[in-house]
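Analysis of the macromolecular model
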Amino acid sequence: MAKAVLEKSQYWANYSGAFQDDLAKLMVPCDSPEGHIFINEGDRINSFLIVESGTLYRTKRQSEEGTEADVPFQIDVVGPGSVTGFLHVAGASPHEEVAFATIVAGTGGARVWEVSGDDFRKMCESNSMHSLEVVKVLSNRLRSTTKIVRSIVDKYHDEDENGSSTKKSLIKVLCYDTTSWVKETFEPQVKAFNESGKDLMVKMDFTNDRLNAHTARFAVGYDAICLFVNDTADAGTITVLSMCGVKLIAMRCAGFDRVDIKTAKTFGISIVRVPAYSPYAVAEHAIALLMSVNRRIPAASTRVKMADFTLDSSLLGMDIHGKTVGVMGTGQIGQILCRIITGFGANLLAYDVFESDAVKNMGGKYVTQEEIYKNCDVIFLMMPLLPATKHTINTSVLPLLKKGVILINTSRGGLIDTSALVTGLQSDIIGGCGLDVYENEGDYFFQDWSGKAIIDSTLTALLGNNRVVMTAHQAFFTREAIDKIVSTTIENIDNFSTGLRGKDLPNSIC
Ligand SMILES: NC(=O)c1ccc[n+]([C@@H]2O[C@H](COP(=O)([O-])OP(=O)(O)OC[C@H]3O[C@@H](n4cnc5c(N)ncnc54)[C@H](O)[C@@H]3O)[C@@H](O)[C@H]2O)c1
């Protein structure tokens, strides 16, 4: 009897006979008169209902304008063969799940079957194939719903204001982690691109949310997403993106250390980036940090603004001329930095897994990491964050450093074990530090925390240390770099839309 209900139901039609047999054993019949309330909004819920006949109404309370009272309004109707409450039993903490809506038997009453969440979970735990079936069926439902949403959105956008087809192909992009500069710079350039007579129309929407496993679902109906340095596209997130129909991740930065490339490849999602926007911007900012730390510019400026024009040893710096400066990572940014350093008249030591003739021709000498640590008065970290470079500066490096060294990091926070850095500063091994990046910056950077308490004690240790000068990932932030970021991102999206993939797609990672 119970199995017959499942067999007739469109909702359960895609499950195997074995699954239906086991589920039928858990179903408890329940006849309900008209108006019977199965569950109240906000009540604990640990079962789901399968409707055999009649209808159930799902209602939600809403406060009526001008009154104190909550008035229920109907959200939807659950008809024969359908299910309500099913997702509640899939929750991680089932006993804490509360009903989102009130469920009431409709006109003429309803015959429903109740399935206990605990029993259903036990059934799935005892047979892993059952769990996989649930995942498969729900995923297919999500995918087909996505397709419907996508086709509706496509149709909407393919028609211009007069209702005629534009004949242009359309690519819809959701831009995550949007701060004001992103919208202000992307919008006019996207508009100019769309008016340039190309066959492609780019529709870019913006969200302030950062990408993570929860916000990935906002991408439903989008072909592409545009990400920045602190968006996380790990395996779980990419799985959701794939289900949402996303086919392209367009990084509006060079680094891609928060993107799981392997999973993206598995799901056939292409990743493009902006490999170089302005290496000058970053190299020049690194120098700005060095000079700020060395010549105590923030402290001096604050003092002068307070009309205190005195000088004392706390403002004492050193000439860079004649000092030994180490550059670890001599790629695009590192090489520009090397050129600037030679302008100071400093001795240049370099470390990289690939040696550059250009650096050697400027008078730079490649040495081991240990020689950099031992000899350098200033060390710049300019390599990408990779498993091999993570925590390059750590506690075991501290005893190898020249006493009083100034450390500058504009690359990625993870290159430094920040607790070791704090220890190095407190023990005077490290004389000063300029940071544009921080290991756990994802929780704080690009947000206003001035009115809130920062609970990250390592970050507060850095902020409270007057030998540390810190900026919030702004080394790239020049007009030239931003223009390049935006134009290259649009170009990358345009290239993708022509069907180029893999190595043929310029600036692609996969
Ligand atoms: N703060 C910012 O605003 C900002 C902006 C752009 C880039 N960045 C960071 O700067 C980094 C460097 O950028 P780039 O354009 O010069 O990159 P790049 O790829 O041109 O150069 C990186 C260099 O690091 C070297 N390298 C790789 N593995 C190494 C290792 N294990 N040890 C030593 N060297 C190693 C490479 O050989 C290469 O020469 C980027 O990875 C990015 O994380 C920061």
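Residues numbered from 1 in each chain as written. Predicted model: local features only at pLDDT ≥ 70, side-chain atom pairs only at ≥ 80, totals over all residues.

Further remarks concern the overall build of the protein. Counting its secondary structure elements, the protein contains 16 helices and 18 strands. Taken over the C-alpha trace, the protein has a radius of gyration of 30 Å; the compact-globule value for 510 residues is 24 Å, which it surpasses by more than 25%. Expressed as a percentage of its 510 residues, the buried residues of the protein come to 34%. Within the protein, contacts between residues at least 6 apart in sequence are counted, and of these 71% link residues at least 24 apart. (Helix = DSSP H or I, 4+ residues; strand = E, 2+ residues; numbered from the N terminus. Rg over C-alpha atoms; globule rule 2.2 N^0.38 Å. Buried ≥ 20, exposed ≤ 12 C-beta atoms within 10 Å, placed from the backbone. Contact = placed C-beta atoms within 7 Å.)

Of all hydrophobic cores here, the largest spans 97 residues; its most connected members are V173, I225, I249, A286, L337 and F380. The greatest single-element share of this core, amounting to eight residues, is contributed by helix α9 (residues 279-294). Two domains each provide a minimum of three residues to this core, namely domain 2 (150-277 + 483-504) and domain 3 (279-470). Here V173 is in contact with V202, K203, M204, Y222, A224, I225, C226, A250 and I493, once residues within four sequence places are set aside. (Core = buried A, V, L, I, M, F, W, Y, C linked by C-beta atoms within 7 Å. Domains from an automatic or database assignment.)

Time to look at the sheet that holds strand β11 (residues 270-272). Pairing in this open sheet of five strands is parallel, and the strands run β8-β7-β9-β10-β11 from one edge to the other. Edge positions in the sheet fall to β8 (200-206) and β11, since each of these pairs with one other strand and no more. Adjacent strand axes in the sheet meet at a mean angle of 25° when their direction is disregarded. Examined bridge by bridge, strand β7 (residues 169-175) and strand β9 (residues 224-227) share three bridges and lie parallel to one another. Directly across from V173, in β9, lies its bridge partner A224. Against the sheet, helix α6 (residues 180-194) makes contact with β7 and β8, and its axis sits at roughly 165° relative to β8, the strand it touches most. (Pairing = 2+ DSSP bridges. Axes fitted to C-alpha atoms, helices over the stretch in contact; angles between N-to-C directions.)

Here strand β15 (residues 378-381) shows a buried face lined by V378 and F380 and a second buried face lined by I379 and L381. Taken together, the four bridges between strand β12 (residues 324-328) and β15 define a ladder with parallel strand orientation. Across the sheet, residue G326 finds its bridge partner in β15, namely I379. Where β15 lies against strand β16 (residues 405-409), four bridges are found, and the strand directions are parallel. Directly across from L381, in β16, lies its bridge partner N409.

Below, the discussion takes up the packing of α9 against helix α11 (residues 332-344). Remark: α9 packs on α11, axes separated minimally by 8 Å, with the N-to-C direction vectors making an angle of 50°. Classified by the interaxial angle, the pair formed by α9 and α11 is oblique. Here α9 and α11 pass one another in a crossing that is right-handed. On α11, the residues that touch P279, Y280, V282, A283, A286 and I287 of α9 are Q332, I333, I336, L337 and I340. Tallied by class, the residues present in the contact of α9 with α11 amount to ten nonpolar, one polar and no charged. (Parallel < 35°, antiparallel > 145°, perpendicular 65-115°, else oblique. Left-handed = near helix turned anticlockwise from the far one by under 90°. Nonpolar A, V, L, I, M, F, W, Y, C, P; charged D, E, K, R; others polar.)

This next bit is on α6. Between the first and last C-alpha of α6 there are 21 Å, a value that for 15 residues agrees with the 21 Å anticipated at 1.5 Å per step. Those residues of α6 lying buried are V182, F186, V190 and F193. The secondary structure elements touched by the buried residues of α6 are β7, β8 and α16 (479-497). (Expected span 1.5 Å × (residues − 1).)

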